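# A look at the structure
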Amino acid sequence: MGDSVTINGNIVENCGDVGIDFEGTTNGIAVGNSVKDCQNGCLSTFFYCKNIVFEGNAVRQTGTNGTVVYFSNNNTQSMMSGTSISLIGNTFQCDTLGSTVHSATEFTIIESNKFYNCKLNMQTNNAGEVAITNNYLYFTNEITGDSALRAGQTSYRNLTIKDNIIKALVASNSDNVYGIYVLQEYFSSITKSYIVWELS
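This is a predicted model, so every value here is computed, not measured.

### Re the overall build of the protein chain
- Scanning the protein chain for helices and strands turns up zero helices and 20 strands.
- Taken over 200 residues, the protein chain has a buried fraction of 44%.
- Across the protein chain, every contact between residues at least 6 apart in sequence was considered, and the portion connecting residues at least 24 apart equals 62%.
- Approximately 8,800 Å² of the protein chain is accessible, and the part contributed by carbon and sulfur atoms is 47%.

### Notes on the packing of aromatic side chains
- Evaluation of the coordinates by the stated rule reveals six aromatic pairs.
- Ring-pair connections join several aromatic residues into one group, and the members of that group are Y116, Y136 and Y138.

### Regarding the nonpolar core
- Within the largest apolar cluster, 39 residues are counted, with the highest numbers of intra-cluster contacts made by L43, F54, F92 and I132.
- The leading source of residues in this core is strand 13 (residues 114-123), at four residues.
- Once you skip the residues sitting within four places of it in the chain, F92 turns out to touch L43, V59, V68, V69, L87, N113, K114, F115, Y116 and C118.

### Comments concerning the pairing of strand 6 (residues 41-46)
- Most of strand 6 sits out of view: six of its six residues are buried.
- Two strands pair when backbone bridges link them, and strand 3 (residues 18-23) and strand 6 are joined in this way by five bridges, in the parallel orientation. Counterpart to F22 in the pairing with strand 6 is T45.
- In this structure, strand 6 lies alongside strand 9 (residues 67-71), joined through three bridges in parallel fashion. Bridging from a neighbouring strand, T45 pairs with F71 of strand 9.

### Some words on the pattern of salt bridges
- One pass over the structure, following the stated rule, counts one salt bridge.
- Of the charged contacts, one joins D95 and R60 as a salt bridge, the two residues approaching to 2.9 Å between their closest N and O atoms. Linking D95 in strand 11 (residues 91-102) with R60 in strand 8 (residues 58-61), this pair joins segments that are 35 residues apart in sequence.
- The exposure class assigned to D95 is partly exposed, which follows from its relative accessible area of 32%.
- Since its relative accessible area comes to 32%, R60 is described here as partly exposed.

### Thoughts on unusual backbone geometry
- Look at N14: it is not a glycine, yet its phi comes out positive at around 60°.
- If you trace the backbone, N14 turns up in strand 2 (residues 11-15).
- In the Ramachandran plot, N51 falls in the positive-phi region, its phi being about 60° despite a non-glycine side chain.
- Relative accessible area serves as the criterion here: at 31%, N51 is assigned to the partly exposed category.

### Some words on the side chain of N33
- Residue position: N33 is located in the loop between strand 4 (25-31) and strand 5 (34-38).
- N33 sits in the buried class, given a relative accessible area of 2%.
- Of note is the side chain of N33, whose polar atom sits 3.2 Å from the backbone nitrogen of G9.
- Excluding residues within four positions of it along the chain, N33 makes contact with I7, N8, G9, N10, I20, G56, N57 and A58.

### Quick look at the environment of I165
- Its place among the elements puts I165 in strand 18 (residues 165-168).
- Considering only alpha carbons, one finds I165 and K114, 51 residues apart in sequence, at a separation of 9.8 Å.

### Digging into the confidence of the model for the protein chain
- In this model, the protein chain carries a mean pLDDT of 81, and residues with pLDDT of at least 70 account for 78%.
- Within the protein chain, strand 20 (residues 189-192) has the poorest average pLDDT of any element, 50, and strand 2 the best, 96.
- Within the model, the stretch residues 191-200 combines pLDDT values under 50 with 36 contacts to residues more than four positions away or in other chains.

Thresholds applied
Residues numbered from 1 in each chain as written. Predicted model: local features only at pLDDT ≥ 70, side-chain atom pairs only at ≥ 80, totals over all residues. Heavy atoms only, no water. Helix = DSSP H or I, 4+ residues; strand = E, 2+ residues; numbered from the N terminus. Buried < 20%, exposed > 50% of the residue type's maximum accessible area, 1.4 Å probe, protein only. Contact = heavy atoms within 4.5 Å. Areas by Shrake-Rupley, 256 points an atom, 1.4 Å probe, with all protein chains shown as cover. Phe/Tyr/Trp six-rings, centres within 6.5 Å; stacked < 30°, edge-to-face > 60°. Core = buried A, V, L, I, M, F, W, Y, C linked by side-chain atoms within 4.5 Å. Pairing = 2+ DSSP bridges. Salt bridge = Lys/Arg side-chain N within 4 Å of Asp/Glu carboxyl O. Polar contact = N/O pair within 3.5 Å; in protein donor to acceptor, adjacent residues only side chain to side chain. pLDDT = per-residue confidence, 0-100.

Given below as structure tokens:
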């Protein structure tokens, strides 16, 4: 809990729970940190948070649990878990295959990040005003389980996916894996992305 919290220039490694975690926080920023091998997520928010920015952090998961970001509201999607939460200019790297975990947030910005072997999963109920723009997703491992970038769901309002690049060097053997998968069951969405699949 807190207001006006800055976390800058730290090295965080080998945590049994999460790495850098804002819980019930307003006006928090985590910038220029190095976070590695945190069991339940390297960057996270829990409970209701407002005006949270993760910017310019270097995140890596070397183990089989590859959760790099975890936005949560205590494991329920019936209410918003945060307002104005941003991931800007971060680098996420997973040695195997990792992902983000998203609970319902509004006014969420995912911009100019680099994801290496890390799926971007922003699919959840009741989220709104989510913008996923100018991100680079690069996979040297096979994408399994779900798509490289997922978003939308019931009552998901005003989703924008634009100018992202997705490159996969290994073809997936699954029929359910797409570059971008959007399930939009309510209100408006804009999907205008540049998708590149490179197979070798």
